[in-house]
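# Breakdown of the fold
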Amino acid sequence: MKKALILLVCLLMILSLGACKIILSTDDEPSESETAEATEEPTSEPTTEPTTEPTTEPTPTLTPELTPIGMSPDPVNTASFYSSYAFMVSYDPARGWADFDYFEMLTGDDAVDWMVAHEGYTLAEAQAIVSEWGDGEYWLKNTNTTLRTIDLKDVPIKLMFLPDGTQVPDSVPVDSDVSDVFALYNLDPDYLYEYFFFYIHVDADGNVTLVEQVYWC
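Every value quoted in this text rests on a predicted model; they were computed, and no experiment measured them.

### Concerning the environment of Ser 84
Tracing the backbone shows Ser 84 in strand 1 (residues 84-92). Separated by 118 residues in the primary sequence, Ser 84 and Val 202 place their C-alpha atoms 8.3 Å from one another. Excluding its chain neighbours within four sequence positions, the residues that come into contact with Ser 84 are Tyr 102, Phe 103, Phe 198, Tyr 199 and Ile 200.

Take a look at the structure:
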């Protein structure tokens, strides 16, 4: 009986010690899952977008356009200049150039001689016609078709009309410039081509010194 009692007491003590061990294990030692959670490190690094350097296109090199072949900044004339009456037959408002057709104004014996030699008149007929001419009448000789181009930006000009088309008083041409020619041309080219002709003044070196529109009755 004593042995049985001792065995029972021992068994109770063993059971008490096991329960304590279980409690200590629960309170003091973390579970495997808790340990895994506490020690788990992030497995992926934060991603950073790669920095891309902006690309710049090379600046193209601009080159001036070549002057078209045959174009000249100044008029090219094949005939020399001398003082003469002339008709303005064309005008380039973009460049300020005007083309003039020279002519000769024949009066008196010069007119008679030309009429007999080139126009089919007899001497008597020519003399009779010329003798009846009034002031300002003449025979127009224009046998040369060569045109002479003048840059009106570079020479003095006198005109018989104001820019609005009004004829100047006293029939005396007034100082003008290429802008006045431009205005008249846009108003009506006949102010330059038809109403009055011109006299081109040229110096001894062949340089144009004045383009003058003249009154002629």
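### Points about the packing of aromatic side chains
Going through the model one piece at a time under the given rule, you end up with 18 aromatic pairs. Seen from their ring centres, Tyr 85 and Phe 197 are 5.7 Å apart, and the 85° between their planes marks the pair as edge-to-face. Taken as a pair, Tyr 85 in strand 1 and Phe 197 in the loop between helix 6 (190-193) and strand 7 (198-202) lie far apart in primary sequence, 112 residues in all. Judged by its relative accessible area of 8%, Phe 197 falls in the buried class. The ring of Trp 97 has Arg 95 sitting right over it, with the charged end atom 3.9 Å from the ring centre. Taking NZ or CZ as reference, Arg 148 lies 4.2 Å from the ring centre of Tyr 102, over its face.

### Some thoughts on unusual backbone geometry
Here Asp 170, not a glycine, exhibits a phi torsion of approximately 65°, which is positive. Here Asp 170 lies in the loop between strand 5 (157-159) and strand 6 (174-176). Overall, Asp 170 belongs to the exposed group, its relative accessible area being 71%. Unlike most non-glycine residues, Ser 171 shows phi in positive territory, near 55°. Along the chain, the position of Ser 171 falls in the loop between strand 5 and strand 6. According to the relative accessible area criterion, Ser 171 is partly exposed, its value standing at 25%.

### Remarks on the pattern of salt bridges
Overall, the coordinates contain four salt bridges when judged by the stated rule. Among the ionic pairs, Asp 92 bridges to Arg 95, the shortest N-O distance being 2.8 Å.

Parameters at a glance
Throughout this document, residue positions are counted from 1 along each chain, in the order its sequence is written. Since the coordinates come from a predicted model, pLDDT governs what is reported: local features require at least 70, and pairs of side-chain atoms require 80 or more to be given and counted, while whole-chain, interface and lining totals use all residues. To get the side-chain values, take all heavy atoms of the structure and skip hydrogens and water. Strands here are runs of E lasting at least two residues and helices are runs of H or I lasting at least four, both read from the DSSP assignment and numbered beginning at the N terminus. Whether two residues are in contact is decided by their heavy atoms: any pair within 4.5 Å suffices. The pairing test for Phe, Tyr and Trp rings, Trp by its six-membered ring, is centres within 6.5 Å, and the orientation test on the planes gives stacked under 30 degrees, edge-to-face over 60, and tilted for anything in between. The buried label goes to any residue with under 20% of its type's maximum accessible area, the exposed label to any with over 50%, and the partly exposed label to all in between, with areas taken from a 1.4 Å probe on protein chains only. Counting as a charge over the ring demands two things of the Lys NZ or Arg CZ atom: a distance within 6 Å of the ring centre and an angle within 35 degrees of the ring normal. Just to be clear on terms, a salt bridge is a Lys or Arg side-chain nitrogen sitting within 4 Å of an Asp or Glu carboxyl oxygen.

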